[in-house]
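Take a look at the letters that make up each chain.
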Amino acid sequence: MKIFHSINDFSSSKKTILTLGTFDGVHVGHKKILERIIQNTSNKKYESLVLTFFPHPRMVLQEHSEIKLLNTISEKINLLEKIGIENLVIHPFDEAFSRLTAEEFVSTVLVDQFHIHKIIIGHDHRFGRNRTANIDDLIDFGKQYGFEVEQISVQEVNDLSVSSTKIRQALMEGKMDLANEYLGYDYFLTGTVLKGKQLGRTIGFPTANLKIEEKYKLIPLNGVYIVESTINQKKIYGIMNIGFNPTVDGENLSIEIHYLNYNSDLYGQEITVSILKYLRPEEKFESIDLLKKQLKKDKETATSYLETL
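Residues numbered from 1 in each chain as written. Predicted model: local features only at pLDDT ≥ 70, side-chain atom pairs only at ≥ 80, totals over all residues. Heavy atoms only, no water.

Student: Is there a simple way to think about the overall build of the protein chain in this case?
Tutor: Per the secondary structure count, the protein chain includes 10 helices and 12 strands. Expressed along its principal axes, the backbone C-alpha trace of the protein chain runs to roughly 75 × 40 × 35 Å. Evaluated residue by residue, the protein chain yields a buried proportion of 47% over its 309 residues. Once local pairs closer than 6 in sequence are excluded, the contacts in the protein chain between residues at least 24 apart make up 74%. Summing over all exposed atoms, the protein chain offers an accessible surface of approximately 15,800 Å²; the carbon and sulfur share of this is 47%. Computing the positive centroid from 37 side-chain charges and the negative centroid from 41, the protein chain places the two 4 Å apart. (Helix = DSSP H or I, 4+ residues; strand = E, 2+ residues; numbered from the N terminus. Buried < 20%, exposed > 50% of the residue type's maximum accessible area, 1.4 Å probe, protein only. Contact = heavy atoms within 4.5 Å. Areas by Shrake-Rupley, 256 points an atom, 1.4 Å probe, with all protein chains shown as cover. Lys, Arg positive; Asp, Glu negative; His and termini not counted. Charge placed at Lys NZ, Arg CZ, Asp CG, Glu CD.)

Student: Before we go on, may I ask you to explain the environment of Tyr237 in this structure?
Tutor: Inspection of the secondary structure puts Tyr237 in strand E10 (residues 234–243). By relative accessible area, which is 24% here, Tyr237 ends up partly exposed. If we ignore the near neighbours within four places in the chain, the residues touching Tyr237 are Val227, Glu228, Tyr259, Leu260, Leu276, Leu306 and Leu309.

Student: Looking at this structure, how should I read the sheet that holds strand E2 (residues 16–20)?
Tutor: As a general point, the strands of a sheet are linked pairwise by backbone hydrogen bonds and lie either parallel or antiparallel. Sheet architecture is open: six strands sit in the order E1-E4-E3-E2-E5-E6, paired in parallel fashion. The outermost strands of the open sheet, each flanked by one partner alone, are strand E1 (2–4) and strand E6 (148–151). Taken over all neighbouring pairs, the strand axes of this sheet differ in orientation by 20° on average, direction set aside. Bridging between E1 and strand E4 (residues 87–91) involves three bridges; their strand directions are parallel. Its bridge partner lying in E4, Phe4 is registered against Val89. In the packing of helix H5 (residues 102–113) onto the sheet, the strands contacted are E2, strand E3 (47–53) and strand E5 (116–121), and the crossing angle to E5 comes to about 115°. (Pairing = 2+ DSSP bridges. Axes fitted to C-alpha atoms, helices over the stretch in contact; angles between N-to-C directions.)

Student: How should I be thinking about the nonpolar core in this particular structure?
Tutor: Generally speaking, nonpolar side chains in soluble globular proteins are found buried as a group. With 49 residues, the main nonpolar core has Tyr187, Met240 and Tyr259 as its most contacted residues. Excluding residues within four positions of it along the chain, Met240 makes contact with Leu189, Gly223, Val224, Tyr225, Val227, Ile255, Glu256, Ile257, Val273 and Ile275. (Core = buried A, V, L, I, M, F, W, Y, C linked by side-chain atoms within 4.5 Å.)

Student: Mind showing me how you'd approach the pairing of E4 here?
Tutor: Each regular strand displays side chains that alternate between the two surfaces of the sheet. Counting buried positions over the five residues of E4 gives five, a clear majority of the element. Taking every second residue as pointing to the same face, both faces of E4 are buried, with Asn87, Val89 and His91 on one and Leu88 and Ile90 on the other. In the sheet, E3 pairs with E4 via five bridges, with the strands oriented parallel. By the bridge assignment, Val50 is partnered in E4 with Leu88.

Student: What am I meant to see in the pairing of strand E12 (residues 270–280) here?
Tutor: Pairing between strand E7 (residues 188–194) and E12: five bridges, direction antiparallel. Its bridge partner lying in E12, Thr190 is registered against Thr272. Relative to E12, strand E9 (residues 223–231) runs antiparallel, the two sharing five bridges. Across the sheet, Tyr225 pairs through a bridge with Tyr278, a residue of E12.

Student: Explain the packing of aromatic side chains to me, please; I cannot follow it from the model alone.
Tutor: By convention here, two paired aromatic rings are described through the distance between centres and the angle between planes. Scanning the entire structure with this criterion turns up 11 aromatic pairs. Both rings, one in Phe53 and one in Phe93, keep their centres 5.7 Å apart while their planes meet at 80°; by these two values the pair is edge-to-face. Here Phe93 lies in the loop between E4 and helix H4 (95–98) and Phe53 lies in strand E3, a separation of 40 residues in the sequence. Relative to Phe188, the ring of Tyr185 lies with its centre 5.8 Å away and its plane at 45°, an arrangement referred to as tilted. Each member of the pair Tyr185 and Phe188 is classed as buried. Of the aromatic side chains, those joined through ring pairs into one cluster are Phe53, Phe93, Phe97, Phe105 and Phe127. Over the ring of Phe188 we find Lys217, and its NZ or CZ is 5.3 Å from the ring centre. (Phe/Tyr/Trp six-rings, centres within 6.5 Å; stacked < 30°, edge-to-face > 60°. Lys NZ or Arg CZ within 6 Å of the ring centre and 35° of its normal.)

Purely geometric numbers; function is a separate question.
Structure below.
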């Protein structure tokens, strides 16, 4: 997949079949559109193109927006590449870009820069300054500038209007089954393993402390989860705690994973942690012994669950 960091950087000898949007999560609704793009370009006559933006438009246009995103830029790139998109344009979204009228956007970006043959969009797509233009306007522009418009209906997305907002809400409520169903994959965190206080090691539950650099990445509800990672081409499972370690008076949010039957040193490594299931809320225990007892129960629960996979 070719990656361009500005609309102006893009070039191709072929016309394009494209879609555009933030694609946060690259969820099952997005995949309906992306798979249609792949189908339409399978004859190699046209090239597939996705236009997305960073920062997220809400970060720019809404003062004090605290929106958290389902994917970091690198995660989104990997997800789109797996689907088979040929060209990805990640355009820096700013106020100047947001002020383009719908026709300016169509004529200068879609027609002049991307040499559009066809655009495929979702059922609720709006664009242009203040998002005032809709599908009917786009169809009119298509007739004027000579490109096709295809719309994916709500019914085509499993009769369910999946949205990144709904997925964020499910994650913040610990509803991993629902979030993962909407995503079409297990929600994951990517970060670097750092040395922590090593309390887990002293009580027989060594943990990998995950540091995520991107502050905008959505961290699910505090609590205990069953997780999976692939390390050295091998799947390993574990229990992850997201929270403040109240039993030992922790002050900062931490993400700690205790891997089952895995003891190798992971310090300094970048790992990806896929979240399979929410087990329970984070609790403050009266003693370290009670904490150890609960951790043993969590391990037994996780082992039983993993046997059903």
